[in-house]
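# Commentary on secondary and tertiary structure
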Amino acid sequence: MFGYKYVKFQPSDYVMKVRNGRVVKEGVGLSFYYYAPTTSVVVVPVSSIDVPFMFEEITRDYQTVTVQGQLTYRITDYRKITEVLNYTYDLRSHAYISDDPAKLAQRVINTAKVLTKKHLEQMPLKEAVQASERLAQNVTREIRGNEEIAQLGIELMGLSILAILPNRETIRALEAQAREEILRSADVALYERRNASIEQERRVKENELNTEIAIEMKRRQIQETQLEAERSMRQKQNEMQEEQLRFDTELEEKRQELINLTAANQRAEADAKAYELTVVMKSLQEVQPSVLQSLANIGMKPDKLIAIAFQELAENAGKIGQLNITPDLLQGIMAGSAGGRNADQRR
């Protein structure tokens, strides 16, 4: 309405609102009203930009190679890039009014191409084909220090070289050469393997012979050790037998001495008893038998004394006229005899 309009940008865009040749507002992802006849907008991408590339170069040995890769960069100084390139944005068509934004990627690729060419011209073909990672590191370091890139206000985030390929004829030649080297290496490996096998077989046989010799020596040592052990065992057994014989001999001698001592003691004891009996008999020769009988009856039980009295009465029965024995006497004798037997049983 009356030339005033509203516009909104994405967070991936850095926007500068310019009116009458002067920046009145700038920032990331802006939205604002503007007056179309007097306002212009500059839009610079904030996010990183991936640019693939592929170009041909010549190595030191004049071989053509194709370099394939990709670089990634982003704009860091928005004011500086707008001073070099035209990033004016047409709000009606929603497109840049100039092709300068598209040329930025080509400028970066050209810089990378020049630096890559400088390195490849110093490498032979075989080295160049295998130098992708090293070449990428060198080119990345040199681009980051390049004055032209610094003036554009951009930053190289990364560069990768995917492949460095020669032409088909060169590839076939390299393949044939590599194939011959592989076959030659295979022949050498086969020859070395055969020699190694022969050498290994010889070592195995030597080890077998050495093992047999070692086994025989060990067997001989074992036999000698067994014989020595058997000899020592027999010697020990003989020593033990001799020691046992000495012990048995000493035991028999001590036993004989004990028997002799026992016999001597018994003889002495018998002589003492015989002498005692002789002395007793000599002392009793003059004693009357009745006195000896009385001495023998000392301490005898009443029933036995009564029995001895009856025996004497029986011996002198011719001298006795009449003898009365009452039942009470017999009963007392029987009772005393029974009590004595019970006491003996209890004992």
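To be clear, the structure that these remarks concern was listed above.
This section reports on the structure supplied with the text. Keep in mind that this is a model prediction, so the values were computed, not measured.

### Re the overall build of the protein
- When you go through the protein residue by residue, the secondary structure sums to nine helices and ten strands.
- Here the protein holds 347 residues, and the buried ones make up 22% of them.
- Within the protein, residue pairs in contact and separated by at least 24 positions form 63% of the contacts whose partners lie at least 6 positions apart.
- For the protein, the exposed area adds up to about 25,900 Å²; of that, 53% sits on carbon and sulfur atoms.

### Comments concerning unusual backbone geometry
- Even without being a glycine, Tyr-62 presents a positive backbone phi close to 60 degrees.
- Along the polypeptide, Tyr-62 turns up in the loop between strand 6 (49–58) and strand 7 (64–75).
- Tyr-62 gets classed as exposed once you look at its relative accessible area, which sits at 71%.
- Phi at His-94 takes a positive value of approximately 55 degrees, unusual for a residue other than glycine.
- Among the structural elements, His-94 can be located in the loop between strand 8 (88–90) and strand 9 (95–96).

### A short note on the packing of aromatic side chains
- Per the stated rule, a full pass over the model turns up nine aromatic pairs.
- Summarising the aromatic geometry, the rings of Phe-9 and Tyr-89 are spaced 6.0 Å apart at their centres and angled 70 degrees between planes, so their arrangement reads as edge-to-face. In this pair, Phe-9 sits in the loop between strand 1 (4–8) and strand 2 (13–19) while Tyr-89 sits in strand 8, placing the two residues 80 residues apart along the sequence. Considered together, Phe-9 and Tyr-89 belong to a single accessibility category, that of buried residues.
- Aromatic side chains Phe-53 and Phe-55 sit 5.5 Å apart centroid to centroid with 20 degrees between the ring planes, which places their arrangement in the stacked category.
- Classification of Phe-53 by relative accessible area gives buried; the value is 8%.
- Taken together, the ring pairs in this structure connect Phe-9, Phe-32, Tyr-34, Tyr-87, Tyr-89 and Tyr-96 into an aromatic cluster.

### A word on the nonpolar core
- The biggest cluster of nonpolar side chains holds 39 residues, and the ones touching the most others in it are Leu-71, Ile-81, Leu-104, Ile-154 and Leu-159.
- With seven residues, helix 2 (residues 100–120) is the largest single contributor of residues to this core.
- Leave out the neighbours within four places in its chain, and Ile-154 touches Tyr-73, Arg-74, Ile-75, Thr-76, Ile-81, Leu-104, Val-108 and Ile-149.
- Judged by nonpolar contacts, the second largest core, of ten residues, contains Leu-30, Tyr-34, Val-41 and Tyr-89.

### A few points about helix 2
- Spanning 21 residues, helix 2 covers 30 Å between terminal C-alpha atoms, matching the ideal 30 Å at 1.5 Å per step.
- Looking only at helix 2, the buried set comprises Asp-100, Pro-101, Leu-104, Ala-105, Val-108, Ile-109, Thr-111, Ala-112, Leu-115, Thr-116, His-119 and Leu-120.

### Considering helix 4 (residues 132–144)
- Helix length check: helix 4 (13 residues) gives 18 Å between terminal C-alpha atoms against 18 Å at 1.5 Å per residue, within 8%.
- Within the sequence span of helix 4, burial applies to Ser-132, Leu-135, Ala-136, Asn-138, Val-139, Thr-140 and Ile-143.
- In the core, the buried residues of helix 4 are packed alongside helix 2, helix 3 (125–129), helix 5 (147–152) and strand 10 (154–166).

### Some thoughts on the pattern of salt bridges
- Taken as a whole and judged by the stated rule, the model has 13 salt bridges.
- Notably, a salt bridge pairs Glu-199 with Arg-203, separated by 3.4 Å at the nearest N-O pair. With Glu-199 and Arg-203 both in helix 6 (residues 168–284) and four residues apart, the pair spans about one turn of that helix.
- Residue class for Arg-203 comes out partly exposed when judged on its relative accessible area of 44%.
- Here Glu-206 and Arg-202 are joined by a salt bridge, their closest N and O atoms 2.5 Å apart. Placement of both Glu-206 and Arg-202 in helix 6 is noted, with a separation of four residues, approximately one turn of the helix.

### Section: the pairing of strand 2
- Across the seven residues that make up strand 2, a large majority, six, are buried.
- Across six bridges, strand 2 lies against strand 3 (residues 22–28) in antiparallel orientation. Its bridge partner lying in strand 3, Met-16 is registered against Glu-26.
- What sits between strand 2 and strand 3 in their antiparallel hairpin is a turn of two residues, with Asn-20 showing a positive phi close to 55 degrees.

Scoring rules and cut-offs
Residues numbered from 1 in each chain as written. Predicted model: local features only at pLDDT ≥ 70, side-chain atom pairs only at ≥ 80, totals over all residues. Heavy atoms only, no water. Helix = DSSP H or I, 4+ residues; strand = E, 2+ residues; numbered from the N terminus. Buried < 20%, exposed > 50% of the residue type's maximum accessible area, 1.4 Å probe, protein only. Contact = heavy atoms within 4.5 Å. Areas by Shrake-Rupley, 256 points an atom, 1.4 Å probe, with all protein chains shown as cover. Phe/Tyr/Trp six-rings, centres within 6.5 Å; stacked < 30°, edge-to-face > 60°. Core = buried A, V, L, I, M, F, W, Y, C linked by side-chain atoms within 4.5 Å. Expected span 1.5 Å × (residues − 1). Salt bridge = Lys/Arg side-chain N within 4 Å of Asp/Glu carboxyl O. Pairing = 2+ DSSP bridges.

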